[in-house]
Amino acid sequence: NVQFPADKQLVADWTATGNQEAVDRLLVDSEVDQVLALGIISSQVISTKGDLPKPGYGAFVTDREIQKIPEKEIERQVSETETESIAVSGVENLNYTVLGVDTPREFSTFQQVAPHDHVTVLYSAALEAIFPEIDQRIQDAVRSFGYAQSATVPVGTSVDDVLSAIPAETDAVYVSSLPQFGRQDMERLADALIDRKLPSFSQTGRPEVELGLMATLGQA
C-alpha cells in the first residue's frame, strides 16, 4: 500500500537551493520511508549526497559519467556454479535510473545530420550550482567527441539571456534537458535558432523537435 501524501510532494522551483532543501527535508522526515527524486536536478542532488539514511531514487540521470554519479561493479551469484557482474551505485540506499542517452552517438549523429565546427551546449544552470565541475566536464566530453571548438551556456529561466550568451562563432547548438522551460519558452528558443540558421539537437526527444528543434535521438 504505497502512499504519496500531498504534503510530502515537494516542488523545488527549478533551482539548486529549492531541490537541495526539498531532498534534505524528505530525508530527515520520520514519516517518509523512501524518497523519489522526479527531476534532473533533484536526481543530481540525491545521487551525489553519499550514503543516505533511507532509500532514495534518482529517476532522471542523463549522463552518469559527465554528472559524476557513483557506480561500481559487483559479482552476483546466479547459480551454485555461476556468477555475473552487475553495476550498482555502491552507495548506501542510493538507487538511480540512467536514461537511454548515448551522448557520443548523439553528437556523432548531429554531425552527420548537420556538419558543423563550433558547437554550443545549453545546460541547466541549477546543475552548475549543485555540481560546479559540470561545465568543465561537459567541455572535456565535447572535446573527446572530436570538436576543436565548443562553448557552454548555463541556462536559467530567460530565453533572451540564453540567446545573448550564444557566441557569434557558434554554428550549431546542442540543447540538453532544460526542464525549467515550458512549451512557449522552448518554441521561442527553437524559432530564434531557426532565424539564426543554427542547426539544433535535442537531448530530450521528440516533443522539442515538434516545437522546432532540428533533430533528436530521444524517443520520449
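If you're wondering where the values come from, they're calculated on a predicted model, not measured in any experiment.

Peer 1: I would appreciate a short explanation of the overall build of the protein in the present structure.
Peer 2: Along the backbone of the protein there are 9 helices and 10 strands. Taken over C-alpha atoms, the radius of gyration comes to 19 Å for the protein, in line with the 17 Å a tight globule of 220 residues would show. Judged by the C-alpha coordinates and their principal axes, the protein covers about 55 × 50 × 30 Å. Within the span of the protein, comprising 220 residues, buried residues form 44% of the whole. Contacts in the protein between residues at least 24 apart in sequence constitute 56% of all its contacts with a sequence separation of at least 6. The distance from the centre of the 16 positive side-chain charges to the centre of the 34 negative ones in the protein is 1 Å.

Peer 1: I keep staring at the sheet that holds strand β8 (residues 172-175) and nothing clicks. Help me out?
Peer 2: Pairing between the strands of a sheet is mediated by backbone hydrogen bonds and can be parallel or antiparallel. Spatially, β7-β6-β8-β9-β10 is the arrangement adopted by the 5 strands of the open sheet, whose pairing is parallel. The outermost strands of the open sheet, each flanked by one partner alone, are β7 (149-155) and β10 (215-216). Across 3 bridges, the pairing between β8 and strand β9 (residues 200-202) is parallel. Following the sheet pairing, Val173 is matched in β9 by Ser200.

Peer 1: What exactly am I supposed to notice about the pattern of salt bridges here?
Peer 2: Side chains bearing opposite charge may pair, as long as their charged atoms lie close to each other. Tallied over the full model, the rule gives 9 salt bridges. The partner of Lys49 in a salt bridge is Asp24, and the shortest N-O contact between them spans 2.8 Å. Residue Lys49 is found in the loop between α2 (40-47) and β2 (56-61), and its partner Asp24 is found in helix α1 (residues 16-28); the two are separated by 25 residues along the sequence. Residue Lys49 is classed as partly exposed on the basis of its relative accessible area, which comes to 38%. Since its relative accessible area comes to 33%, Asp24 is described here as partly exposed. Residues joined by salt bridges that share partners form a network here, namely Asp7, Lys8, Asp29 and Glu31.

Peer 1: Which parts of the structure should I look at to understand a nonpolar patch on the surface?
Peer 2: A grouping of Val2, Phe4, Leu36, Leu38, Tyr57 and Phe60 is seen on the molecular surface, where their side chains present a nonpolar patch of about 620 Å² in accessible area. Of note, Phe60 is situated in strand β2.

Peer 1: When you look at the environment of Pro104 in this model, what are you seeing that I'm missing?
Peer 2: Note that Pro104 resides in helix α4 (residues 103-113). Given a relative accessible area of 43%, Pro104 falls into the partly exposed group. Taking the C-alpha atoms as reference, Pro104 lies 9.9 Å from Gly146; in sequence the two are 42 residues apart.

Peer 1: Where do I start with the side chain of Gln67 in this structure?
Peer 2: Mapped onto the fold, Gln67 is located in helix α3 (residues 64-67). A distance of 2.7 Å separates the side chain of Gln67 from the side chain of Gln44, its partner in a polar contact. The contacts of Gln67, once residues within four sequence positions are left out, are Gln44, Thr48, Val61, Thr62 and Phe131.

Peer 1: How should I be thinking about the sheet that holds strand β5 (residues 94-98) in this particular structure?
Peer 2: The sheet built from 3 strands is open, its strands ordered β1-β2-β5 with parallel pairing. At either margin of the open sheet sits one strand with a lone partner, and together these are β1 (35-37) and β5. In this sheet, neighbouring strand axes are inclined to one another by 15 degrees on average, regardless of whether the strands run parallel or antiparallel. Two elements, β2 and β5, share 4 bridges in a ladder whose sense is parallel. Bridging across to β5, Tyr57 finds its partner in Asn95.

Here is what the cut-offs are and how they apply
- Residues numbered from 1 in each chain as written.
- Predicted model: local features only at pLDDT ≥ 70, side-chain atom pairs only at ≥ 80, totals over all residues.
- Heavy atoms only, no water.
- Helix = DSSP H or I, 4+ residues; strand = E, 2+ residues; numbered from the N terminus.
- Rg over C-alpha atoms; globule rule 2.2 N^0.38 Å.
- Buried < 20%, exposed > 50% of the residue type's maximum accessible area, 1.4 Å probe, protein only.
- Contact = heavy atoms within 4.5 Å.
- Lys, Arg positive; Asp, Glu negative; His and termini not counted.
- Charge placed at Lys NZ, Arg CZ, Asp CG, Glu CD.
- Pairing = 2+ DSSP bridges.
- Salt bridge = Lys/Arg side-chain N within 4 Å of Asp/Glu carboxyl O.
- Patch = residues over 30% accessible without salt bridge, like charges linked within 9 Å, V, L, I, M, F, W, Y side chains within 5 Å.
- Areas by Shrake-Rupley, 256 points an atom, 1.4 Å probe, with all protein chains shown as cover.
- Polar contact = N/O pair within 3.5 Å; in protein donor to acceptor, adjacent residues only side chain to side chain.
- Axes fitted to C-alpha atoms, helices over the stretch in contact; angles between N-to-C directions.

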